[in-house]
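This is what each chain is made of:
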Amino acid sequence: MECKECKELLFDYYDEEFDASLKIQVNEHLDTCFSCQNELDHISSTMNFFKVSMPVLTVDSRFTEQVMHKIHLEETAAAFTKPMEGIGFVVVILTLGMLVLIGPTVIGLLMLVGNILLGLLSTSAVVFASFPLIQMSSSIILGMLLLVVTVYMRHMVLHDSV
Amino acid sequence: MNEELAELVRQAMNGDKVSFGKLVYRYKQHIVNIAFGIIGNLHDAEEIAQEAFLKAYLSIRKLTNESAFYRWLVRITTNLSIDKKNVNARQTTEPIEKMGVFLDNPGHTPEEIVEQKENQQLILNGLEQLTVEQRTVLVLRELHGFSYDEIAEILDIPLGTVKSRINTARLHFREILSKERSC
């Protein structure tokens with residue numbers, strides 16, 4: 001075995017992640033090669049220094065209590081938010097249902113009001129009607145704003161209570 | 001995994017909080033030290049460990065095999081620690097005296113204690129110069145004795161990547177320590 005090949009295998013040798021025949025070959029090379037033996041010693045001593053010198057922390061005796069307390073708070077928060085999520089879901093469904101039922105009337109009314117307003121503000125109406133992109137981006141921005149507010153409120157309920 | 005421990009995990013998987021508390025007690029030292037190895041900050045390590053146990057409790061029903069509990073817990077811890085380390089990438093290691101670290105392995109004589117503190121600081125400074133990926137594999141392999149296969153499972157990366165990452169980390173760490181020691 002050549003030094004180059006042996007050096008590539010030294011970490012596997014150190015980890016003993018080897019099949020027996022390869023180990024015999026590396027052993028034979030190490031018996032005769034000072035450079036590779038030196039390299040292996042250097043790896044072993046560095047890793048040994050690491051293991052011996054790394055601080056090992058002693059954990060505070062209250063650690064378990066603190067974890068169990070956090071679990072208790074999380075469960076309490078979940079007991080509050082889960083029914084709220086259910087109620088929110090029902091409210092959304094009811095609102096959608098109402099919109100479907102009375103939607104045509106409401107939308108017709110809104111369109112009428114909108115047309116009157118746009119008629120009054122003729123310049124703005126021209127700009128607004130000419131650029132559907134403005135209408136679309138307004139809707140997207142409004143939607144994003146609602147989403148951010150919802151996520152933020154959920155975050156506050158879940159995390160501030162913990 | 002012995003039968004008593006498997007039973008504790010089974011009970012915790014069925015929602016038994018007392019059993020989960022016993023698991024926290026049993027593994028807290030390991031988990032805090034894994035987080036500390038990756039992050040290098042005592043306060044953050046304890047916080048991450050607590051968060052890891054909390055996450056584990058909330059999702060323990062998803063665990064399919066009780067013998068995988070510890071590796072699964074380590075996986076949660078390493079993911080949280082790596083995220084935290086990436087957020088605090090520019091944070092430097094505090095001097096060990098300021099950390100208020102309670103060591104499990106203190107020296108015996110005053111000279112030993114001084115030398116030990118210097119060596120500990122050297123190690124922590126050295127780890128800080130590795131990438132978080134290198135640091136993580138080195139800590140899992142050298143300090144906590146996980147096999148290559150287990151590390152691949154914990155980090156969800158291929159076995160070949162684990163091997164090359166560990167070897168690169170060792171070479172880099174050796175260079176860093178040689179430099180630091182010669183200063």
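Our structure is the block above this text.
Numbering of residues starts from 1 in each chain and follows the order in which that chain's sequence is written. Chains carry letters from A onward and ligands carry numbers from 1 onward, assigned in written order. Two thresholds apply to this predicted model, a pLDDT of at least 70 for residue-level local features and 80 or more for giving and counting side-chain atom pairs, whereas whole-chain, interface and lining totals are computed over all residues. Derived side-chain values reflect all non-hydrogen atoms in the structure, with water molecules and hydrogen atoms excluded from consideration.

(A) A look at helix H9 (residues 159-182) of chain B. Between its terminal C-alpha atoms H9(B) stretches 35 Å, which fits the 34 Å expected from 24 residues at 1.5 Å a residue. A simple rule labels every residue: compare its accessible area, found with a 1.4 Å probe on the protein chains alone, to the largest value its type can have, and call it buried under 20%, exposed over 50%, or partly exposed in between. Runs of H or I in DSSP of at least four residues are treated as helices and runs of E of at least two as strands, each being numbered from the N terminus. Looking only at H9(B), the buried set comprises B:Val162, B:Ile166, B:Asn167, B:Ala169, B:Arg170, B:Phe173, B:Arg174, B:Ile176 and B:Leu177. Working rule for helices: expected span equals 1.5 Å times residues minus one.

(B) Molecular detail of a nonpolar patch on the surface. Patches draw on residues past 30% relative accessible area with no salt bridge. Two like charges within 9 Å are joined, as are two nonpolar side chains (Val, Leu, Ile, Met, Phe, Trp, Tyr) within 5 Å. Where accessible areas are quoted, they stem from the Shrake-Rupley method and a 1.4 Å probe; at the residue level, only the protein chains shown are allowed to cover. The term salt bridge refers to a side-chain nitrogen of Lys or Arg lying within 4 Å of a carboxyl oxygen of Asp or Glu. A contiguous nonpolar surface patch, about 610 Å² in accessible area, is contributed by A:Leu109, A:Leu112, A:Val113, A:Ile116, A:Leu117 and A:Leu120. Within the fold, A:Val113 resides in helix H4 (residues 63-120).

(C) Up close: the interface of chain A and chain B. With 32 residues of chain A at the contact, the number on the chain B side is 45 residues. Accessible area that two parts lose when put together, evaluated with a 1.4 Å probe and summed over both, is termed the buried area. Carbon and sulfur atoms make up 65% of the area that chain A and chain B hide from each other, which totals about 3,900 Å². Together, A:Phe49, A:Phe50 and A:Leu57 form the three largest contributors to the area buried by chain A at its contact with chain B, with a combined 18%. On inspection of chain A and its partner chain B, the count reaches five salt bridges. Of the charged contacts in the structure, one is a salt bridge between B:Arg141 and A:Asp15, with a shortest N-O distance of 3.0 Å. Under this definition, polar contacts are N or O atom pairs within 3.5 Å; protein pairs additionally need one hydrogen-donor-capable and one acceptor-capable atom, and for neighbouring residues in sequence, both atoms have to be side-chain atoms. For the interface between chain A and chain B, the tally reads twelve residue pairs in polar contact (both at pLDDT 80 or more). Residues are treated as being in contact if the distance between any of their heavy atoms lies within 4.5 Å.

(D) Spatial organisation of a negative patch on the surface. Neither His nor the chain ends contribute to the count of charged residues, in which Lys and Arg are positive and Asp and Glu negative. Here the site of a charge means atom NZ of a Lys, CZ of an Arg, CG of an Asp or CD of a Glu. On the surface, a cluster of negative charge is contributed by B:Glu111, B:Glu112, B:Glu115 and B:Glu118. The exposure class of B:Glu118 is exposed, given its relative accessible area of 52%.

(E) Focus on the environment of A:Val26. Residues and elements named next belong to chain A. Here Val26 lies in helix H2 (residues 20-32). Take Val26: its relative accessible area is 0%, and that puts it in the buried class. For Val26 and His69, which are 43 residues apart along the polypeptide, the C-alpha to C-alpha distance reads 55 Å. Residue contacts for Val26: discarding those within four places in its chain leaves Met1, Cys6, Leu9, Tyr13 and Phe18.

(F) Looking closely at the side chain of B:Thr78. Residue and element names in this part refer to chain B. With respect to the helices, strands and loops of the structure, Thr78 is situated in helix H4 (residues 69-87). On the basis of relative accessible area, Thr78 is assigned to the buried category, the value being 0%. For Thr78, the residues in contact, after removing those within four places along its chain, are Ile34, Ile38, Thr136, Leu140, Ile154 and Leu155.

(G) Broad picture of the packing of aromatic side chains. All names here are of chain B. Whether two aromatic rings pair depends on their centres lying within 6.5 Å, for rings of Phe, Tyr and Trp, where Trp uses its six-membered ring; planes under 30 degrees apart make the pair stacked, over 60 edge-to-face, and the rest tilted. Here the structure, examined in full by the defined rule, presents seven aromatic pairs over all chains. When the ring of Tyr27 is compared with that of Tyr70, the centres are 4.8 Å apart and the planes differ by 20 degrees; the resulting orientation is stacked. Here Tyr70 lies in helix H4 and Tyr27 lies in helix H2 (residues 17-39), a separation of 43 residues in the sequence. With respect to class, Tyr27 is no different from Tyr70; both count as buried. Ring-pair connections join several aromatic residues into one group, and the members of that group are Tyr27, Phe69, Tyr70, Trp72 and Phe146.

(H) Up close: H2(B). All names here are of chain B. Across its 23 residues, H2 extends only 29 Å between first and last C-alpha, which sits more than 12% below the 33 Å expected from 1.5 Å per residue. We define the bend at any residue as the angle between the axes fitted to the seven residues before and including it, ending there, and the seven starting there. Tyr27 marks the point of greatest bend in H2, at about 55 degrees. One side-chain oxygen of the residue at the start of H2 lies 3.1 Å from the amide nitrogen of Val18, identifying that residue as Asp16. The first or second residue beyond H2 is Gly40, which carries a positive phi of 80 degrees.

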